[in-house]
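Chain and residue survey
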Amino acid sequence: MDHDVRRRAVTARLDELGVDALLISRLLHTRYLTGFTGSNGQVLIRRDGALFLTDGRYTEQSRREVADIERHTYTNPLREELPGMLSGVGRLGFEADEMTVAARDRFAEALGDDVEMVPTTDVVEPLRAVKDDDERAAIRQAQAITDAAFTAILERFAVGVTEQQIARQLEMAMRDEGADALAFDSIVAFGENAAEPHHEPTHRSLAEGDIIKLDFGALSAGYHADMTRTVAFGSPPTELRAIHEVVRESQRAGIDAVKAGVTGAAVDQVSRDVIERAGYGDAFVHSLGHGVGLEIHEAPSLGRKQDDPLPAGAVVTVEPGIYLAGVGGVRIEDMVEVTGDGCVVVGTSPRELIEL
Ligand code: ZN
Ligand code: ZN
């Protein structure tokens with residue numbers, strides 16, 4: 001994993017940000033820029049090289065994980081040792097989305113009048129939106145685990161099994177397949193519960209004719225997978241069968257529209273048009289998709305207000321849905337890798353309506 005390339009991309013922005021150095025304090029960004037997986041670490045990005053910072057618990061771990069740059073273990077609060085690392089720095093950038101106002105005030109007091117603290121936003125995030133080969137491989141691995149768990153769980157549905165039991169079995173299946181953890185709490189919704197886009201699994205038990213909505217994913221090497229499938233237990237109500245077909249067509253249209261340079265809003269609209277034409281526009285109550293990577297929701301998004309062009313190398317979900325209160329709902333979700341001439345679907349699970 002070439003963390004040096006990522007750090008150089010941040011360093012290249014120091015001028016434009018109007019700072020002499022940048023303190024990365026968001027743990028996820030420290031991981032992205034160094035490979036460090038512990039619970040406390042920062043990176044000071046300076047023109048003459050990056051400096052990794054942590055406390056005594058992680059001296060050994062960081063020696064192994066962050067072997068390629070200078071490291072410093074602090075024994076006092078970081079703000080007290082930081083001035084000694086800032087020779088020649090008059091303006092120090094910090095991540096405004098991460099640091100609290102109280103922390104900023106404490107840092108400012110410790111740094112005194114010689115160093116001005118400069119808030120920055122969206123420095124690392126746009127880099128994270130474009131995945132490199134290693135990141136794509138990690139996401140594919142997380143999705144392969146998720147696909148395998150989906151195949152395994154299809155065997156577990158029976159009259160009387162509850163949403164919570166299926167959620168637990170999904171977790172076991174993903175862990176058995178090699179997941180480090182769940183990417184997020186699984187959504188398992190039977191029958192009318194599928195009308196809730198997000199649904200916390202309950203003791204509701206499965207009955208003949210229920211629709212089953214499963215939204216789940218594995219975490220592997222820090223990277224997330226995210227997939228939704230809606231299947232039927234027995235023969236579903238006619239309207240839900242028809243809705244499944246609409247959502248499938250909507251998703252297909254969305255996937256066909258994804259391409260580098262197209263805006264997230266444009267893709268959302270293509271997918272939404274299919275649902276609106278079928279008369280269910282009001283029942284598609286969320287945006288079409290989101291980026292996935294070190295976080296389950298990250299840039300770029302597919303939604304009505306997303307006017308930035310999608311970059312090649314982004315990984316986004318395409319997940320249209322139709323939700324009918326009291327009846328049920330259908331969502332189909334896949335992650336795709338954005339390319340110059342289209343996109344590649346990451347997963348392999350079938351999308352047609354499976355009737356168990
Ligand atoms: Zn999902
Ligand atoms: Zn999603």
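Predicted model, so just to flag it, every value in this text is computed and none were measured.

**Thoughts on the sheet that holds strand β4 (residues 70–74)**
- On the basis of which strands lie adjacent, the open sheet formed by six strands has the order β4-β3-β2-β1-β5-β6 and mixed pairing. Whereas interior strands pair on both sides, the edge strands pair on one side only; in this sheet they are β4 and β6 (116–120). With direction set aside, neighbouring strand axes in the sheet form an average angle of 25 degrees.
- As judged from the four bridges shared by strand β1 (residues 21–24) and strand β2 (residues 42–46), these two strands associate in the antiparallel manner. Paired with L22 across the strands is I45, a residue of β2.
- Seen against the sheet, helix α1 (residues 3–11) touches β1, β2 and β3 (49–55) and runs at an angle of roughly 55 degrees to β2.

**What about the coordination of the zinc ion (ligand 1)?**
- The zinc ion (ligand 1) binds to the protein through D215 (OD), D215 (OD), D226 (OD) and E333 (OE); the donor distances cover 2.0 to 2.5 Å.
- One chain supplies every donor for the zinc ion (ligand 1), spaced along it as D-x10-D-x106-E.
- Between the zinc ion (ligand 1) and the zinc ion (ligand 2) the interatomic distance comes to 3.1 Å, and D226 is a ligand of both metals. Here D226 lies in the loop between β11 (223–224) and β12 (227–232) and D215 lies in strand β9 (residues 211–216), a separation of eleven residues in the sequence.

**With respect to the nonpolar core**
- Ranked by size, the top nonpolar core spans 32 residues in total, and within it V10, L22, I24, L33, I45, V124 and M335 carry the most contacts.
- Elements supplying a minimum of two residues to this core: α2 (14–17), β1, α3 (27–34), β2, β3 and α8 (133–153).
- For this core, the element with the most residues is α8, which contributes three residues.
- Non-local contacts of V124, meaning those with residues more than four positions away in its chain, are made with V10, I24, H29, Y32, L33 and E95.
- Core analysis: the second largest hydrophobic core is formed by 28 residues, I243, V247, V274 and V316 among them.

Calculation criteria
Residues numbered from 1 in each chain as written. Chains lettered and ligands numbered in written order. Predicted model: local features only at pLDDT ≥ 70, side-chain atom pairs only at ≥ 80, totals over all residues. Heavy atoms only, no water. Pairing = 2+ DSSP bridges. Helix = DSSP H or I, 4+ residues; strand = E, 2+ residues; numbered from the N terminus. Axes fitted to C-alpha atoms, helices over the stretch in contact; angles between N-to-C directions. Contact = heavy atoms within 4.5 Å. Donors = N, O, S within 2.8 Å, 3.2 Å for Na, K, Ca; no water. Core = buried A, V, L, I, M, F, W, Y, C linked by side-chain atoms within 4.5 Å. Buried < 20%, exposed > 50% of the residue type's maximum accessible area, 1.4 Å probe, protein only.

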